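# A closer look at the structure
These are the residues of each chain, in order.
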Amino acid sequence: QVQLQESGPGLVKPSQTLSLTCTVSGGSITIDNYYWSWIRQPPGKGLEWIGYIAYSGSTYYNPAFKSRASISRDTSKSQLTLEVSSVTPEDTAIYYCARLPLIGQNDYWGQGTQVTVSS
């Protein structure tokens with residue numbers, strides 16, 4: 001069974017870069033047709049999809065995040081990374097990594113990690 005675990009600093013200062021890691025176990029991030037996403041949920045708001053990195057290594061971003069977000073991976077460590085630059089308090093949210101499904105696939109989510117942007 002695929003498991004995902006987010007990790008990283010819980011507090012980031014405004015204007016700095018938010019960096020998170022997602023460790024994947026029980027499955028390979030290079031298996032064909034799997035897409036690995038970062039999603040966040042600000043307090044009192046719904047889920048916001050940030051972007052994905054595909055099995056091939058290609059990336060695609062929500063246009064709202066394209067200028068600031070960067071998703072990458074380390075296949076040897078089975079890890080995904082998210083970097084969001086120039087953060088503000090509005091970037092405060094619970095951040096999730098997930099394998100979002102194509103038709104016929106299961107989805108898997110990490111439990112999420114709280115990130116607070118504050119001075």
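A brief look at the structure comes next. (Residues numbered from 1 in each chain as written. Predicted model: local features only at pLDDT ≥ 70, side-chain atom pairs only at ≥ 80, totals over all residues. Heavy atoms only, no water.)

## Thoughts on the sheet that holds strand S7 (residues 69-74)
- What the four strands build is an open sheet, ordered S1-S3-S8-S7; its pairing is antiparallel. Taken across any chain shown, the strands that pair with only one partner, and hence form the sheet edges, are strand S1 (3-7) and S7. The average undirected angle you get between the axes of adjacent strands in this sheet is 20°. (Pairing = 2+ DSSP bridges. Helix = DSSP H or I, 4+ residues; strand = E, 2+ residues; numbered from the N terminus. Axes fitted to C-alpha atoms, helices over the stretch in contact; angles between N-to-C directions.)

## What about the side chain of Arg99?
- Structurally, the position occupied by Arg99 is in strand S9 (residues 93-100).
- In this structure Arg99 is buried but unpaired, with Asp107 as the nearest side chain of opposite charge at 7.9 Å.
- Discounting chain neighbours no more than four positions away, the residues touching Arg99 are Val2, Leu4, Tyr34, Tyr35, Trp36, Asn106, Asp107 and Tyr108. (Buried < 20%, exposed > 50% of the residue type's maximum accessible area, 1.4 Å probe, protein only. Lys, Arg positive; Asp, Glu negative; His and termini not counted. Salt bridge = Lys/Arg side-chain N within 4 Å of Asp/Glu carboxyl O. Contact = heavy atoms within 4.5 Å.)

## Considerations on the environment of Ser15
- Within the element layout of this structure, Ser15 appears in the loop between strand S2 (11-12) and strand S3 (18-25).
- The spacing of Ser15 and Pro89 is 74 residues in sequence and 9.5 Å in space, taken between C-alpha atoms.
- In contact with Ser15, not counting residues within four places along its chain, are Ser86 and Val87.

## Considerations on the nonpolar core
- If you look at the biggest cluster of nonpolar residues, it comprises 26 residues, and the most contacted ones within it are Leu4, Val24, Trp36, Trp38, Leu80, Leu82 and Tyr95.
- Sorting the residues of this core by element identifies S3, strand S4 (35-41), strand S5 (48-54), S7, strand S8 (79-84), S9 and strand S11 (113-117) as the ones contributing at least two each.
- Sort the elements by how many residues they give to this core and S3 lands first, with four residues. (Core = buried A, V, L, I, M, F, W, Y, C linked by side-chain atoms within 4.5 Å.)

## Quick notes on the packing of aromatic side chains
- What the rule picks out here adds up to six aromatic pairs.
- Aromatic side chains Tyr96 and Trp109 sit 5.7 Å apart centroid to centroid with 75° between the ring planes, which places their arrangement in the edge-to-face category. Here Tyr96, found in strand S9, pairs with Trp109, found in strand S10 (residues 108-109); they are 13 residues apart in sequence, far enough to count as distant.
- Overall, Tyr96 belongs to the buried group, its relative accessible area being 15%.
- By relative accessible area, which is 36% here, Trp109 ends up partly exposed.
- One aromatic cluster is present, formed by Tyr35, Trp49, Tyr52, Tyr55 and Tyr60 through successive ring pairs. (Phe/Tyr/Trp six-rings, centres within 6.5 Å; stacked < 30°, edge-to-face > 60°.)

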